[in-house]
Amino acid sequence: MVSPTFPYPLVSGGKQRLYYILKELSREFQVTLLTLAEENDGHIGREALGFLKEVIQVPIRQDRIAQIRRLAIGLPHWLFGTPAEVLVKKSPKMLEIYQRLLADGGFDLVQVEYSQYLPLVKIANRLGKKSIATAHDVSYISQRRKAAVMTGWRRFFWRREAELMRRFELTGWRSASRIVAMSENDRSEILQLVSEAAVDVVPNGVEVTSRRSYPKSDVPTLVFVGYMRHYPNLDGVEWLLKEIWPRIKARLEGVRLRIVGAGMPADLTRMTENDPQVDYLGFVDDVDEVVGTSWLSIVPLRIGSGTRLKILESMALRTAVLTTTIGCEGIDARHSVDVMLADTAESLASEASEMLRDEQALTRIADAGRELVQARYDWQIIGHKMRACAEEVISQR
């Protein structure tokens, strides 16, 4: 497996997916992971991945300054059509090691994670290797949605980036032996671009059996969980704090909001510090307890595609979920049964307030969500699908 993201610690949905898919694949295959990794990932991550045959880490700095520097170096490539999202993950050292590993042989299958690394599929083809390309989302769709909430030059940039990424993904997906999508919706989007592609759906999952229910807090409490370096989460929490949360407070006395996730910008952090009803917790060791003791998990996403593990985790913890149509994409949940849906600041605030007043409805939705993830989204179920996909690709002539 080749990934631009190291799968540990489990601080984001993408890292969690990588970790559990690797764990499930390792039940049947000997798996080597080639991955970019920051220095802080270090030895703890290697120990957590002890079920793998080999972990090869290629050091890279992922802070904002380092990414801007790589973009500046790659500016001519961007002007001639390479997406910025690809340039910030570019690593000549990674490419050198990848080519050497494949040339040395010994691999039945190459699994390339994320659209940024789709060119590696072509290299695998050239060396006679079968490949799976995992689309963690349909990146150009996510970027179009990002452009829609931007203004000025940022809107122009992201519109151009979306078009560059559409061409980039089209070319890369045409090369793959098999594509793995996160949802039926993503599968349909991919097939609209590449009608001849073989696309399997292997959705995101959640560790269900190890999660228990928690007693709820004494006061009505919402929780938002998100890794703020992922822009859809940053946009969501900003929308929540500036437009949704004030409406909820006006409707419901004594309500509280918890925000979990590292990387909150200084201006938003100041907003939480100035509001005695908001607790910004940053990174926490036990997210389960924070989510499990909350009454309602709010996921106000306007950007992105794929599926959101934070929703599945809330369901596994028997915490009711309120999200947007975009937030719920890829999860086979029914409005007013397994989840509540709303798409404007006013309707999200209204639904949140009504739900927090009705403990019986909260319990009903929370119980239905737990049943849904137990039946369809446990990692063991997802792992079986991923292993079956890999076996089928390997067996093809």
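Since the model is a prediction, treat every value here as computed from it, not as a measurement. (Residues numbered from 1 in each chain as written. Predicted model: local features only at pLDDT ≥ 70, side-chain atom pairs only at ≥ 80, totals over all residues. Heavy atoms only, no water.)

Novice: Which residues make up the overall build of the protein, and what are the values?
Specialist: Looking only at helices and strands, one finds 17 helices and 13 strands in the protein. For 397 residues, the compact-globule formula gives about 21 Å, and the C-alpha radius of gyration of the protein, at 21 Å, lands near that figure. Principal-axis analysis of the C-alpha atoms places the extent of the protein at approximately 65 × 45 × 45 Å. The proportion of buried residues among the 397 residues of the protein is 56%. Expressed as a percentage of contacts within the protein between residues at least 6 apart in sequence, the contacts between residues at least 24 apart total 67%. Approximately 17900 Å² of the protein is accessible, and the part contributed by carbon and sulfur atoms is 50%. Taking the average place of the 53 positive charges on the side chains of the protein and the average place of its 51 negative ones, the gap between the two points comes to 6 Å. (Helix = DSSP H or I, 4+ residues; strand = E, 2+ residues; numbered from the N terminus. Rg over C-alpha atoms; globule rule 2.2 N^0.38 Å. Buried < 20%, exposed > 50% of the residue type's maximum accessible area, 1.4 Å probe, protein only. Contact = heavy atoms within 4.5 Å. Areas by Shrake-Rupley, 256 points an atom, 1.4 Å probe, with all protein chains shown as cover. Lys, Arg positive; Asp, Glu negative; His and termini not counted. Charge placed at Lys NZ, Arg CZ, Asp CG, Glu CD.)

Novice: Can you break down helix α1 (residues 13-25) residue by residue, with the values?
Specialist: Under the 1.5 Å per step criterion, the end-to-end length of α1 is 18 Å for 13 residues, consistent within 8% with the ideal 18 Å. α1 sits mainly inside the fold: 10 of its 13 residues count as buried. Three or more residues of α1 are buried, namely K15, Q16, R17, L18, Y19, Y20, I21, L22, E24 and L25. (Expected span 1.5 Å × (residues − 1).)

Novice: An account of the pairing of strand β12 (residues 320-323) is needed here, citing residue identities and associated values.
Specialist: Along β12, one buried face is formed by A320 and L322 and the opposite face, lined by V321 and T323, is buried too. Sheet topology note: the β12/strand β13 (residues 340-341) ladder contains two bridges and is parallel. Note that in β13 the partner of T323 across the bridge is L341. (Pairing = 2+ DSSP bridges.)

Novice: Could you give an account of the sheet that holds β13, naming the residues involved and the relevant values?
Specialist: As summarised here, the arrangement of the six strands in space is β10-β9-β8-β11-β12-β13, forming an open sheet in which the pairing is parallel. Only two strands of the sheet have a single neighbouring strand rather than two, namely β10 (278-282) and β13. With four bridges joining them, strand β9 (residues 256-260) and β10 adopt parallel strand pairing. Bridge assignment links V260 to a residue of β10, and that residue is G282.

Novice: Any chance you could break down the packing of helix α15 (residues 345-357) against helix α16 (residues 359-376) for me, citing the residues and the numbers?
Specialist: Where α15 contacts α16, the two axes come as close as 5 Å, and the packing angle between them is 100°. Classified by the interaxial angle, the pair formed by α15 and α16 is roughly perpendicular. Taken together, the residues of α16 that come into contact with α15 (itself represented by M355, L356 and R357) are E359, L362 and I365. Of the residues that constitute the contact of α15 with α16, the class distribution is four nonpolar, no polar and two charged. (Axes fitted to C-alpha atoms, helices over the stretch in contact; angles between N-to-C directions. Parallel < 35°, antiparallel > 145°, perpendicular 65-115°, else oblique. Nonpolar A, V, L, I, M, F, W, Y, C, P; charged D, E, K, R; others polar.)

Novice: Mind laying out the environment of K130, listing which residues take part and the relevant values?
Specialist: Turning to its location among the elements, K130 is positioned in strand β5 (residues 130-135). As a C-alpha pair, K130 and K53 span 77 residues in sequence and 19 Å in three-dimensional space. Not counting residues within four places of it along the chain, the set of residues in contact with K130 comprises D108, L109, V110, S177, V393, I394, S395, Q396 and R397. Within the structure, K130 has its side chain in polar contact with the backbone oxygen of I394 (distance 2.7 Å). (Polar contact = N/O pair within 3.5 Å; in protein donor to acceptor, adjacent residues only side chain to side chain.)

Novice: Lay out the packing of aromatic side chains with the relevant residues and their values.
Specialist: In total, this model carries six aromatic pairs according to the counting rule given. Seen from their ring centres, Y19 and Y20 are 5.1 Å apart, and the 90° between their planes marks the pair as edge-to-face. For the pair shown, Y19 and Y20 are each scored as buried. The rings of Y8, Y19, Y20, F51 and W379 are connected pair by pair, giving a single aromatic cluster. Over the ring of W239 we find R302; its NZ or CZ atom is 4.7 Å from the centre of that ring. (Phe/Tyr/Trp six-rings, centres within 6.5 Å; stacked < 30°, edge-to-face > 60°. Lys NZ or Arg CZ within 6 Å of the ring centre and 35° of its normal.)

Novice: Report on the side chain of K129, specifying residues and quantitative values.
Specialist: Its location among the elements puts K129 in the loop between α7 (119-126) and β5. In this structure K129 is buried but unpaired, with D108 as the nearest side chain of opposite charge at 7.1 Å. Polar side-chain contacts of K129 include one of 3.4 Å to the backbone oxygen of F107. Beyond its immediate sequence surroundings of up to four residues, K129 is in contact with L102, G105, G106, F107, V110 and A124. (Salt bridge = Lys/Arg side-chain N within 4 Å of Asp/Glu carboxyl O.)

Novice: Outline empty space enclosed by the protein, listing residues and values.
Specialist: Within the structure shown, the criterion is met by one cavity of 30 Å³ or more. Surrounding the largest cavity, V225, V287, D288, V291, S297, V299, K310, E313, S314 and L317 form its lining. Taken together, the residues that form the lining of the largest cavity break down as five nonpolar, two polar and three charged. (1 Å grid on protein atoms, 1.4 Å probe; cavity = no way out; pocket = protein on both sides within 12 Å on 5 of 7 lines; lining within 4 Å. Points joined across faces, edges and corners; volume = space filled by probe spheres on them.)

Novice: Would you mind going over unusual backbone geometry in detail, with residue names and values included?
Specialist: Of note, the amide linkage connecting Y8 to P9 takes the cis form, showing an omega dihedral of 0°. Assignment of secondary structure puts P9 in the loop between β1 (2-3) and α1. With phi around 75°, Y114 is a residue other than glycine that occupies positive phi space. For Y114, the position within the fold is in the loop between β4 (109-113) and α7. Phi is positive for S336, close to 70°, though the residue is something other than glycine. Relative to the assigned elements, S336 resides in the loop between β12 and β13.

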